[in-house]
Every structure is written in C-alpha cells, then in structure tokens.
Amino acid sequence: MAKLYFRYGTMGSAKTLNLLAVAHSYQLQNKKVLILKPHLDTRFTQDSVRSRSGLEKPADLLVTDETRLDPEILKPLSCILVDEAQFLHPNFIEHLRDIARDLNVPVICYGLRTDFKTQLFPGSKRLLELSDTIEEIKNTCHYCNRKSIFNMRVIDGKGVLEGPQILLGAEETYLSVCSTCYHQRTQ
C-alpha cells in the first residue's frame, strides 16, 4: 500500500528544493509525477513550484478548496508531490489520503507545521493526524546555531504576534528561529 507522507520544516529548510529533487529523480527513471500547489501561493509565480535556490518546475495543478483529482488521470502516476501543503483544506488532505490508500499512489506533502503564532495550520494539522510517515526537514535558527522550530513574522526587524494567519512572504517577512530566540524577540 502506498503512503501519505508529510515532510515539514521551517521556512528556508529546503522543502521545495527537496520536492524538486524528488520529482527529478522520478522523471529520470521515466516515471510520471503530478506536482500540486495551492492556488493562493503566488509568492514567486502562480503556475510553478519554485525554490529559493532558483530551481523551478511547472505545477501540474493549482489546488482550491473544491479540487478533487480524477482517478483516471492518477492511474499512470508513480507519485504525487504537493508543495505548501499547510495551505490545503483538511478535506483535500483526506482526499490525498484516500488516493494513497485506494489507488496505491504515494503522496508526498511538503509544508510548514505551524504559523508565526506557533499554531498549526489546518492542512498541517490534518496531515499530522493522517500521514503514514512524518519527517522533519531540519534548519538552523537565523540568530544562533540551535535548530529552528518556528517561523517568526518580522516587521521593522521585530518579531510580531498580530495579523492574519496567512500573509505570503519570504525572508523579508519571516525568519526561521529556535524557541529561545522566538521568545526573546516576540516579547
């Protein structure tokens, strides 16, 4: 039976780079993959999955809350790869779980575990509940050498705890930090 995987890490931990490497490996073996991303992820470009390193592949499908994948297009697939899975609706996560179980297609989801307030994203919560395999992609704190575990939103160089859960941005908006540095800089 295929598995549902959740590979999570803080911003800048090379989640998307890892996804692109996995896609490349499958494609080198002439295996078909489907690359998905949430429709609201417009940070770099709407229609592709792009790593901060500059590597990029077209997204095969932009996922909305209503998206359901046709089983017929899934039959020839070797794997489904999902970028920014934290932004997916929990019902779509359940749909991905069904695909892995019922159609025997591995589904590998990459995303953040928590938001800038250290709260689970709804998609990440459901992935933590349903995934067969959960793997952390480690990163170091922006300020020290400890392992980063939080994404701190920064405004004018100071960590903030107010604002909407989803505010797209990169290093100019968020920093990956350890628990100690998060606590010190959000007080």
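These figures come from a predicted structure and were not determined experimentally. Every chain is numbered on its own, with residues counted from 1 as its sequence reads. Residues qualify for local features only when their pLDDT is at least 70, as the model is predicted, and side-chain atom pairs are given and counted only at 80 or more; totals for whole chains, interfaces and linings, by contrast, use all residues. No hydrogens and no water enter the side-chain calculation; it runs on all heavy atoms of the structure.

### As for the overall build of the chain
We apply this condition: Put simply, DSSP H or I for four residues or longer makes a helix, DSSP E for two residues or longer makes a strand, and each gets a number counted from the N terminus. For a compact globule the rule gives 2.2 Å times the number of residues to the power 0.38, and the radius of gyration it is set against comes from C-alpha atoms. Think of it in three bands: with a 1.4 Å probe and only protein chains considered, a residue is buried below 20% of the maximum accessible area for its type, exposed above 50%, and partly exposed in between. Throughout, a contact is declared for two residues whenever any of their heavy atoms are within 4.5 Å. Here the accessible surface of atoms and residues is derived via Shrake-Rupley with a 1.4 Å probe, and residues count as covered only by protein chains that are part of the display. This count recognises Lys and Arg as positive and Asp and Glu as negative, with His and chain-terminal groups excluded. Every charge is mapped to an atom, namely NZ of Lys, CZ of Arg, CG of Asp or CD of Glu.
Each helix and strand in the chain was counted, giving 5 helices and 11 strands. For a compact globule of 187 residues, the expected C-alpha radius of gyration is about 16 Å, and the chain comes in at 16 Å, within 12% of that figure. With the C-alpha coordinates of the chain rotated into their principal frame, the extents come out at 50 × 30 × 25 Å. The 187 residues of the chain split such that 47% are buried. The long-range share in the chain, meaning contacts at least 24 apart out of those at least 6 apart in sequence, stands at 75%. Approximately 9,200 Å² of the chain is accessible, and the part contributed by carbon and sulfur atoms is 50%. The distance from the centre of the 24 positive side-chain charges to the centre of the 22 negative ones in the chain is 6 Å.

### Quick notes on the packing of aromatic side chains
Centre-to-centre distance and the angle between the planes together describe a pair of aromatic rings. Stated precisely, the cut-off is as follows: The criterion for an aromatic pair is that two Phe, Tyr or Trp rings (for Trp, the six-membered ring) have centres within 6.5 Å, with stacked assigned to planes under 30 degrees apart, edge-to-face to planes over 60 apart and tilted to the rest. Charge-over-ring placement is defined geometrically: NZ (Lys) or CZ (Arg) within 6 Å of the ring centre, and within 35 degrees of the ring normal.
For the structure shown, the criterion picks out 3 aromatic pairs. A centroid spacing of 5.8 Å and a plane angle of 90° characterise the contact between Phe 87 and Phe 121, whose relative ring orientation is edge-to-face. Placement of the pair is Phe 87 in the loop between β6 (79–82) and α3 (90–103) and Phe 121 in the loop between β7 (107–111) and α4 (122–130), with a sequence separation of 34 residues. Residue classification places Phe 87 among the buried positions, given a relative accessible area of 15%. A cation over a ring is seen here: Arg 7 above Tyr 5, with NZ or CZ 5.6 Å from the ring centre.

### A look at the sheet that holds strand β8 (residues 133–136)
Cut-off, in case you're wondering: Whether two strands pair depends on DSSP finding at least two bridges between them. Comment: axis = line fitted to C-alpha atoms, over the contacting stretch for helices; angle = value between 0 and 180 degrees taken between N-to-C directions.
Strand order across the open sheet formed by 6 strands is β5-β2-β6-β7-β1-β8, with parallel pairing between neighbours. Edge positions in the sheet fall to β5 (61–63) and β8, since each of these pairs with one other strand and no more. Ignoring which end each strand starts from, the neighbouring axes of this sheet average 20° apart. Here strand β1 (residues 4–8) runs beside β7; their pairing, made up of 5 bridges, is parallel. Bridging from a neighbouring strand, Leu 4 pairs with Val 107 of β7. In the packing of helix α1 (residues 15–28) onto the sheet, the strands contacted are β1, β2 (33–38), β6 and β7, and the crossing angle to β7 comes to about 155°.

### A word on the nonpolar core
Quick note on the threshold: Grouping buried Ala, Val, Leu, Ile, Met, Phe, Trp, Tyr and Cys residues that are joined through side-chain atoms within 4.5 Å yields what is termed a nonpolar core.
Ranked by internal contacts, the top residues of the largest apolar core, which has 22 residues, are Leu 36, Leu 69, Ile 80, Val 82, Leu 96, Val 107 and Cys 109. Breaking this core down by element, the ones donating at least two residues are β1, β2, β6, α3 and β7. Contact partners of Cys 109, with chain neighbours within four places excluded, come to Leu 4, Tyr 5, Phe 6, Arg 7, Val 82, Ala 85, Leu 96 and Leu 127. The next biggest cluster of nonpolar side chains, apart from the first, holds 13 residues, and it includes Val 33, Ile 35, Ile 108 and Ile 137.

### So, the pairing of strand β9 (residues 150–155)
The buried count for β9 comes to 5 of 6 residues, which makes it a mostly enclosed element. Sheet topology note: the β9/strand β11 (residues 174–177) ladder contains 4 bridges and is antiparallel. Bridging from a neighbouring strand, Arg 153 pairs with Tyr 174 of β11. As judged from the 3 bridges shared by β9 and strand β10 (residues 158–160), these two strands associate in the antiparallel manner. Pairing of Ile 155 across the sheet is with Lys 158, part of β10. Counted along the chain from β9 to the antiparallel partner β10, the turn is 2 residues long, and its residue Asp 156 has a positive phi close to 55°.

### Re the packing of α3 against α4
When two helices pack together, their arrangement is given by the angle between the helix axes and by the axis-to-axis distance. Going by this rule: Each crossing gets its hand from how the near helix is turned against the far one by less than a right angle, where anticlockwise is left-handed and clockwise is right-handed.
Packing of α3 against α4 brings their axes to within 8 Å, and their N-to-C directions diverge by 30°. Seen along the crossing, α3 lies across α4 with a hand that is right-handed. Taking contact as the criterion, the partners of Pro 90, Ile 93, Glu 94 and Arg 97 in α3 are, on α4, Pro 122, Gly 123, Arg 126, Leu 127 and Leu 130.

Everything listed here is a matter of coordinates, which is why it stays silent on function.
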